[in-house]
Amino acid sequence: MSETTSAAEPAAPHRYTAALAADIEARWQDFWDADGTYEAPNPTGDLAGDAEIVARPKKFIMDMFPYPSGAGLHVGHPLGYIATDVYARYHRMTGHNVLHTLGFDAFGLPAEQYAVQTGTHPRVSTEANIDNMKAQLRRLGLGHDKRRSFATIDPDYYKWTQWIFLQIFNSWYDADARKARPISELVAQFESGEREVPGTRAWSELSEAERADVLGEYRLAYASDAPVNWCPGLGTVLANEEVTADGRSERGNFPVFKSKLRQWNMRITAYADRLIDDLDALDWPEAIKLQQRNWIGRSEGARVDFRVAGRDEKITVFTTRPDTLFGATYMVLAPEHGLVDTVVPAEWPQGTKDAWTAGARTPADAVAAYRKQAQSKTDVERQTEGKDKTGVFTGAYAINPLTGEQIPVFVADYVLMGYGTGAIMAVPGQDERDWEFATVFDLPIVRTVQPPEGWEGEAYGGQGPAINSANAEIDLNGMEVDEAKRTVIAHLTERGIGEGTINFRLRDWLFSRQRYWGEPFPIVYDEAGVAHPLPESMLPLELPEVEDYSPRTFEPDDADTSPETPLSRNEDWVNVELDLGDGVKRYRRETNTMPNWAGSCWYELRYLDPHNSEQLVSAEAEQYWMGPREGQPHGGVDLYVGGAEHAVLHLLYARFWSKVLFDLGHIASNEPFHKLYNQGMIQAFVYRDSRGIAVPAAEVEERDGKFFHQGEPVSRVLGKMGKSLKNAVTPDEICAEYGADTLRLYEMAMGPLDVSRPWDTRAVVGQYRLLQRLWRNVVDENTGEVTVVDAEPDEATLRALHKAVDGAGQDMANLRFNTAIAKVTELNNFVTKLSEVPRSVAERMVLLVAPLAPHIAEELWRKLGHSGSVVHEAFPVADPAYLVDEAVTCVVQIKGKVKARLEVPPAISDEELEKVALADPAVVAALGGAGIRKVIVRAPKLVNIVPA
Ligand code: ANZ
């Protein structure tokens, strides 16, 4: 800073300083607000506007909206917001109708935890956080259409979140049509007999409660008793996506247990295929697509039924290797499998090995003890490779359908309830986990694929010809794996005991949370416990104002606890008398709330038509901004920028809701986000003392490459930026010291947008100087007068200008803001060396920087004599004539001897080149006054003169 403003020598009165920047920026921010500069018109409705602008090509540019925490923003947060802002501004200047706005994601755990810590109501603290964040963001000069902003906690917004829940609740997935349909159409099919009612009785014979149960098996939103992820430490259940690979809560890092609880779910699994297939046409980073594919996890295999010996029961397994069926020598049920209780006999059958009983008196005792032990383990602990395999015999046998042999049925925790059917046929010859188990429990091992020579002592999972695989009806021996699979599947299908099937790793989405701070479910229960949807007229169902909104949490490792919903403590709210169409009756409200993902599942749609009280979005607005364009199988947001950490949670859920709304005819695009871009992270140095505790980065001093805090040496590593690591730098500080335009430029110049970069406050001044030079190129620092002249720029200046215009424009269109800034800098440095700056050059330079540094651009544009805002001016267009190579060398020969070399423009004409060559002093001298017989010209490289 000392170079630009030194105390000894007061700055020139009109120098671009932090104070001047602050003044310019505040004025233009007020102007933009008053003028509605960034308001994008809709074709119809309350936001309808200028038909000429509506007729332009549209661009819908979006950020992953922020979660307004109490800590406020640090400089890492706005990286993506600045990038989309530059991109949006560039597109406004290149003839687009640009929708760019920002809302707030404000329900959920963090807001609630913060509220609990500080003792204020979550609405109060959340709204204060939103206001604070709005002020921080406004300071950055982001060009948002503020009419379109909202928070997910606004009742006008969550009314529609609840409405969407009802659409999902009131629909089912028709697998034949591959789409969701209204549940009323399913009821009609049951009534008419077109579709068979599960069970033995006809639809007309079922009670209301029985019908509700049947429909619950089909609804896309349904309540069920299933093992769910219960997190006592947080006091709530969690979706699979919220549990880390080592079985802990993503938030808070508490242990997570499987517990059987009645919960709401979304049948996202119905869409597994479409969620995978439709990825192909999306313009998303390949890494994110791959993560989604893996998360959905499609595997092809077969379902096979095994009869339980001596009982009228069957165990269905999912296997990816039906070809190995002859080698299935035992079976395993997951501890939670429902059949475990059914198949256990009263006593151990004869021939039970001691090792199989775990010392228990009866199979029921053994199974009960084992289950208890398994319950305290996470899925990951259960499946860890190389872990000693545990399990107990159930006392039951099943019959291998191909060998006819009786094989023992075990319970073991390496089989998970949540995958396939929760039961496996174990083939130790080909599967390593089964091999380990068979070794521990002394079970037979039969190889059914010929391993390579010398393969011994372990399972063989590779390719090879089938062996030991024949009976009277089927002979697989000699077949390669794929052929054997096909043959077995055909055989099982014919016998009606199996079929080819595709299994997905994806589970249904657990949709209820035991929290106060979320959307209430628009569901009530009648006295028989049947769930009824509230009619649309009763939406929004607002959260009750309560005294006690804290969650009930427990000792983090106490798995024997169960959740308590805060809303259940409000009897007045819970018990209601309502008329749902058949007279006033008593009901109990659902007391769970929706997960915080709900609000972010569809917010892109609400930006399009935020005040619509009749519909979640009007068809015109949705079609206009997000509808499919020619040659696209789907529509969607034109650019969506956010962090890669949302690869599977938010992005998968939002895609799912889009598809349901699309199927039901509410929207025209079946994908929410056409192009996705992940910005990198802004990192910062973390300094730790000898105890490993982070010390405030701002207080660290550097001496000879070593770092000290209060005289004590500290270590330095690159890490995340944040309050907890005491290294946060706020945008407010940087704005105060240099101005928002400098901060914007610095963040964009740090490196390619998609890579992480370390923050360095000392480097920010570089961009400040760029703006100061730009200012000086237009304005006299002493008088404040504009210094540009009305002269034509020379050739070299035009070349420098058009090169920058061309390069920086392309860079901005392709999100390469760092290189765009490099080109602007180069041009500015060139112009700085000119004795006078031609007006046309200054103006185009201002237009060029306008997307990056909008405040200074507005100010200079105004000073250059324009009355309007620069925001909607046309971005300069490069003249290709100035982009070609500057000059080529032309050889001038006389009688075949080189007499001169000339630098000429590549596009020079033959006549022009001849003139230039004949006028060249060296040529004139060489000719010595001799006349010319002939001149041969090959522009632009050669002139050959034949003297007379
Ligand atoms: C017999 C077999 C033989 C298997 C063989 C594999 C190899 P992916 O590819 O992940 O879909 N399995 C099925 N359900 C399971 C569960 N709930 N918990 C643990 N394991 C389960 O894996 C499918 C394979 O994993 C299935 O195919 C089954 O073992 C096992 F040489 O069946 B396989």
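Residues numbered from 1 in each chain as written. Predicted model: local features only at pLDDT ≥ 70, side-chain atom pairs only at ≥ 80, totals over all residues. Heavy atoms only, no water.

The name recorded for the protein chain in an unreviewed UniProt entry is Leucine--tRNA ligase, from Streptomyces netropsis.

> What exactly am I supposed to notice about the pairing of strand 5 (residues 221-231) here?
Side-chain direction in a regular strand flips from residue to residue, so the side chains alternate between the two faces of the sheet. Of the pairings in the sheet, the one linking strand 5 to strand 7 (residues 257-266) comprises 10 bridges and is antiparallel in character. Bridge pairing links aspartate 225 to arginine 262 in strand 7. Pairing analysis gives three bridges linking strand 5 to strand 6 (residues 236-238), with the strands arranged antiparallel. Residue pairing across strands places tryptophan 230 opposite valine 237, the latter belonging to strand 6. Once strand 5 ends, the chain turns through four residues before running back antiparallel as strand 6, passing glycine 235 with a positive phi of about 75 degrees. (Pairing = 2+ DSSP bridges. Helix = DSSP H or I, 4+ residues; strand = E, 2+ residues; numbered from the N terminus.)

> How should I be thinking about the site of the ligand in this particular structure?
Contacts to the ligand come from 18 residues, most closely from Ser299, Thr319, Leu416, Tyr419 and Gln430. Taking threonine 319, its side chain carries an N or O atom lying 2.7 Å from an oxygen atom of the ligand. Within the contact set of the ligand, a nitrogen atom lies 2.6 Å away from a backbone nitrogen or oxygen of leucine 416. Within the complex, the protein chains bury 83% of what would otherwise be the 640 Å² of accessible surface of the ligand. The set of elements that each furnish at least two residues to the shell around the ligand consists of strand 9 (314-319) and strand 13 (423-426). Class assignment for the residues of the shell around the ligand results in eight nonpolar, seven polar and three charged. (Near = heavy atom within 4 Å. Polar contact = N/O pair within 3.5 Å; in protein donor to acceptor, adjacent residues only side chain to side chain. Areas by Shrake-Rupley, 256 points an atom, 1.4 Å probe, with all protein chains shown as cover. Nonpolar A, V, L, I, M, F, W, Y, C, P; charged D, E, K, R; others polar.)

> Hey, could you run me through the nonpolar core in this one?
Generally speaking, soluble globular proteins have nonpolar side chains that are buried together. Among the nonpolar cores identified, the biggest contains 180 residues, and Phe165, Trp509, Phe511, Trp657 and Trp759 are the most heavily contacted of them. Membership of the second largest hydrophobic core comes to 55 residues, among which are Tyr330, Ala366, Leu402 and Val427. (Core = buried A, V, L, I, M, F, W, Y, C linked by side-chain atoms within 4.5 Å. Buried < 20%, exposed > 50% of the residue type's maximum accessible area, 1.4 Å probe, protein only.)

> Please clarify how the sheet that holds strand 18 (residues 575-579) should be interpreted in this entry.
As a general point, the strands of a sheet are linked pairwise by backbone hydrogen bonds and lie either parallel or antiparallel. Read across the open sheet, the four strands follow the order 17-16-19-18; overall the sheet is antiparallel. Whereas interior strands pair on both sides, the edge strands pair on one side only; in this sheet they are strand 17 (531-533) and strand 18. Sheet twist, expressed as the mean angle between neighbouring strand axes with direction ignored, is 50 degrees. Two elements, strand 18 and strand 19 (residues 584-589), share five bridges in a ladder whose sense is antiparallel. Counterpart to valine 576 in the pairing with strand 19 is tyrosine 587. (Axes fitted to C-alpha atoms, helices over the stretch in contact; angles between N-to-C directions.)

> Sorry, what's going on with the UniProt feature "domain: Methionyl/Leucyl tRNA synthetase" (unreviewed entry) in the protein chain here?
Per the UniProt record, "domain: Methionyl/Leucyl tRNA synthetase" (unreviewed entry) is found at residues 64-167. Taken end to end, residues 64-167 is 53% helix and 4% strand, and its first and last C-alpha atoms sit 25 Å apart. (UniProt positions renumbered as here; feature names shortened; annotations may be inferred.)

> Please explain empty space enclosed by the protein as it appears in this structure.
By rolling a water-sized probe across the atoms, one finds the places where empty space is left. Considering all chains together, one arrives at three cavities of 30 Å³ or more under this definition. Considering only enclosed or pocket space, the largest cavity measures out at about 70 Å³ in volume. Forming the boundary of the largest cavity are Thr37, Tyr38, Glu39, Ala40, Pro41, Ile53, Arg56, Arg92, His96, Asn97, Val98 and His872. For the lining of the largest cavity, the per-class residue count stands at five nonpolar, four polar and three charged. A volume near 50 Å³ is recorded for the second largest cavity. Leu745, Leu770, Leu771, Leu774, Val824, Val849, Leu852 and Ala853 together form the lining of the second largest cavity. Sorting elements by how many residues they give to the lining of the second largest cavity places helix 22 (residues 765-776) first, with three residues. (1 Å grid on protein atoms, 1.4 Å probe; cavity = no way out; pocket = protein on both sides within 12 Å on 5 of 7 lines; lining within 4 Å. Points joined across faces, edges and corners; volume = space filled by probe spheres on them.)

> When you look at the packing of helix 20 (residues 731-738) against helix 21 (residues 740-749) in this model, what are you seeing that I'm missing?
In a packed pair of helices, the relevant descriptors are the angle between the two axes and the axis-to-axis distance. Between helix 20 and helix 21, the least distance of the axes is 7 Å, while the angle of their chain directions is 120 degrees. Of the possible angle classes, the one that applies to helix 20 and helix 21 is oblique. Counting all contacts with helix 20, which are made through Pro731, Ile734, Cys735 and Tyr738, the residues of helix 21 involved are Ala740, Thr742 and Leu743. Tallied by class, residues from the contact of helix 20 with helix 21 come to six nonpolar, one polar and no charged. (Parallel < 35°, antiparallel > 145°, perpendicular 65-115°, else oblique. Contact = heavy atoms within 4.5 Å.)

> Mind showing me how you'd approach a negative patch on the surface here?
Residues Glu555, Asp557, Asp558 and Asp560 make up a contiguous surface patch of negative charge. By the element assignment, aspartate 557 lies in the loop between strand 17 and helix 16 (571-574). Among the residues examined, aspartate 557 registers a relative accessible area of 59% and is labelled exposed. (Patch = residues over 30% accessible without salt bridge, like charges linked within 9 Å, V, L, I, M, F, W, Y side chains within 5 Å. Salt bridge = Lys/Arg side-chain N within 4 Å of Asp/Glu carboxyl O. Lys, Arg positive; Asp, Glu negative; His and termini not counted. Charge placed at Lys NZ, Arg CZ, Asp CG, Glu CD.)

> Mind showing me how you'd approach the pattern of salt bridges here?
Where charged atoms of side chains with opposite charge meet at close range, the side chains can pair. Overall, the coordinates contain 54 salt bridges when judged by the stated rule. A salt bridge links lysine 803 to glutamate 826, with the nearest nitrogen and oxygen atoms 4.0 Å apart. Within this pair, whereas lysine 803 is found in helix 23 (residues 795-813), its partner glutamate 826 is found in helix 24 (residues 817-832), the two being separated by 23 residues in sequence. As far as burial versus exposure is concerned, lysine 803 and glutamate 826 are alike and both exposed. Salt bridges linked by common partners bring Asp30, Asp33, Arg138 and Lys146 together as one network.

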